[in-house]
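A closer look at the structure
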Amino acid sequence: MKESDLAKRGMDMARSGALRLLAGVRDGLSLSDQAGALKALAPQDQARAARLAAAVLRHQSRADAVIAGYVSRKPSPQVADILRLATIELLELEGAAHGVVDAAVTLTRGLGQKGQAAAGMVNAVLRKVAAHRGWADLPPQPMPGWLRDPVALAYGEEAALAIEAAHQAGAPLDLTPKPGISVEGANLLPTGSWRIHGPAQVSALPGFATGDWWVQDAAAALPVRLLDPQAGEGIADLCAAPGGKTLQLAAAGAQVTAVDITPARLKRVAENLRRCGLAAELAAADALEWRPDGPLDAVLLDAPCSATGTIRRHPDLPFLRDGSGIPALIDLQSRLIDHALSLLPPGGRLVYAVCSLLPDEGEAQVAAALTRHPGLRVEEPVLPGIEPDWITPEGGLRTRPDHWADWGGLDGFFMARLRKAG
Ligand SMILES: C[S@@+](CC[C@H](N)C(=O)[O-])C[C@H]1O[C@@H](n2cnc3c(N)ncnc32)[C@H](O)[C@@H]1O
């Protein structure tokens, strides 16, 4: 087969793979749930399929707005995804019109009898889409109402739009190195993380095999920096998997116990520790019931949350959630805070963190903990590289995807360092 035929075949496989992933998301499966679904494809085609599916999820509302101008009635869900994929390839990824349109028509025909009937429409619509002007002026995909309303209320309408633009732009690759290590080919960020822009195969990067660093968003690396672990301290990492923060604590020389309720996820902590040559005790347990064998100096509680701060990396999240699980998460978070505090001696410190944009899971949780626990204090963050406006009135640290816009943003997190009464 000629090289150009091989490339076309690979691209066609990636497109079909992307459509399978999108159908999975419409059926309620996350992209990471579907990690093994495209095993039959070559690794580079799997990666391309995942990138195409993510692009459709990031730009869906913009693609739908363009397509709506050229269709007379609503297409079936499968045809809608084919039209969206082709529209995004044409207008966002600047794919060659004839190749993209032909591929979309072939994919539509592959849907059986109904597809045969729709193929002519797909061809006609996409020829008009290819000539469409004004794509860049369309607003970014809005967050769903259950998320947008509280975000706009908390940070303002302008910030909500900037957050949506950051979701659309996606995220760079951030790495946390072991102390004293520089990462070849990456840029050092002010907070100490290293950043790589553009697509990268993580396992092929220098330093991966030798365990010099691990993948961790620059914001996700801040809770451990805020805790300021010292060599030899006994620290519990509650809700630890897949273990980015466990690795940071262990690399600082702390005696870490990593607790997680999901044994399969705890296995990933073990794998990450092994690759990086670091050690921690692992406990598969409900953090609400777990108690340490000996005294602790500090606890890190990276609580289960809505994960709405990570939409740049998980563009499927807004399509999979409807916000109905948030009250139960808020209740669990406050019980976890109370239990974490009960594990500490007087004067011990707790860092509470969530990768959420919702103040109810962050700022409000800390305010409520302060009223439930007289004598508990918030200690203001003193960390290299953080911006003064990330510090909240109650002394926590709030990062948002639209922060550091010129450097590629960072995930939405809230964290606070709490000191138990002495
Ligand atoms: C936000 S993730 C933690 C990320 C992790 N700290 C890191 O830095 O890689 C939340 C974790 O909480 C765990 N989890 C949820 N409920 C739990 C509970 N009651 N006890 C312990 N772990 C729990 C989940 O299995 C999940 O791995």
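Keep in mind that what you see is a predicted model, and the values were worked out from it rather than measured. Residue positions are given per chain, counting from 1 as you read along its sequence in written order. This being a predicted model, a pLDDT of at least 70 is required before a residue's local features are given, and a value of 80 or more before pairs of side-chain atoms are given or counted; all residues contribute to the totals for chains, interfaces and linings.

**Brief notes about the UniProt feature "active site" (unreviewed entry) in the protein**
Note the following rule: UniProt positions are given in the numbering used here, feature names are shortened, and annotations may be inferred rather than shown by experiment. The contact criterion used is a C-beta to C-beta distance within 7 Å, with each C-beta placed from the backbone.
Here, UniProt's "active site" (unreviewed entry) annotation points to Cys 355. Non-local contacts of Cys 355, meaning those with residues more than four positions away in its chain, are made with Ala 220, Cys 305, Ala 307, Gly 309, Thr 310, Asp 411, Gly 412 and Phe 413.

**Re the sheet that holds strand S1 (residues 173-177)**
Note the following rule: The pairing criterion is simple: DSSP has to find at least two bridges between the two strands. Strands here are runs of E lasting at least two residues and helices are runs of H or I lasting at least four, both read from the DSSP assignment and numbered beginning at the N terminus.
One open sheet accounts for four strands, arranged S2-S3-S1-S4; its pairing is antiparallel. Where the open sheet ends on each side, the last strands, each with one partner, are strand S2 (187-188) and strand S4 (213-215).

**Side note on the site of the ligand**
What counts, and what does not: Near, as applied to residues and a molecule or strand, means the residue's backbone-placed C-beta atom lies within 6 Å of it. Note on residue categories: nonpolar means Ala, Val, Leu, Ile, Met, Phe, Trp, Tyr, Cys or Pro, charged means Asp, Glu, Lys or Arg, and polar means any other residue, Gly included.
Near the ligand lie 18 residues; those nearest to it are Cys 239, Ala 241, Ile 261, Ala 287 and Asp 302. Listed by contribution, the elements that provide at least two residues to the shell around the ligand are helix H9 (244-251) and strand S6 (255-260). Classifying every residue of the shell around the ligand by side-chain character gives ten nonpolar, three polar and five charged.

**Focus: the confidence of the model for the protein**
Heads up, the condition is: pLDDT gives the predictor's per-residue confidence on a scale running from 0 to 100.
Scored by pLDDT, the protein has a mean of 96; 100% of the residues are at 70 or more. Among the prediction metrics, the complex's ipTM stands at 0.99, with pTM recorded as 0.95.

**Topic: the UniProt feature "binding site: S-adenosyl-L-methionine" (unreviewed entry) in the protein**
As a reminder of what qualifies: Any residue with 12 or fewer other C-beta atoms within 10 Å of its own C-beta is exposed, any with 20 or more is buried, and the rest are partly exposed; the C-beta atoms used are placed from the backbone.
UniProt records the feature "binding site: S-adenosyl-L-methionine" (unreviewed entry) at Cys 239, Ala 240, Ala 241, Pro 242, Gly 243, Gly 244, Lys 245, Asp 260, Asp 286 and Asp 302, using the numbering of this structure. Following the sequence through the fold, Gly 244 ends up in helix H9. The buried category is assigned to Gly 244, around which 20 C-beta atoms lie within 10 Å. When sequence neighbours within four positions are dropped, the list of residues in contact with Gly 244 reads Thr 176, Trp 214, Gln 216 and Ala 220. Topologically, Asp 302 is positioned in strand S8 (residues 298-302). Ignoring any residue separated from it by four or fewer positions in sequence, one finds Asp 302 in contact with Pro 223, Cys 239, Lys 245 and Ala 353.

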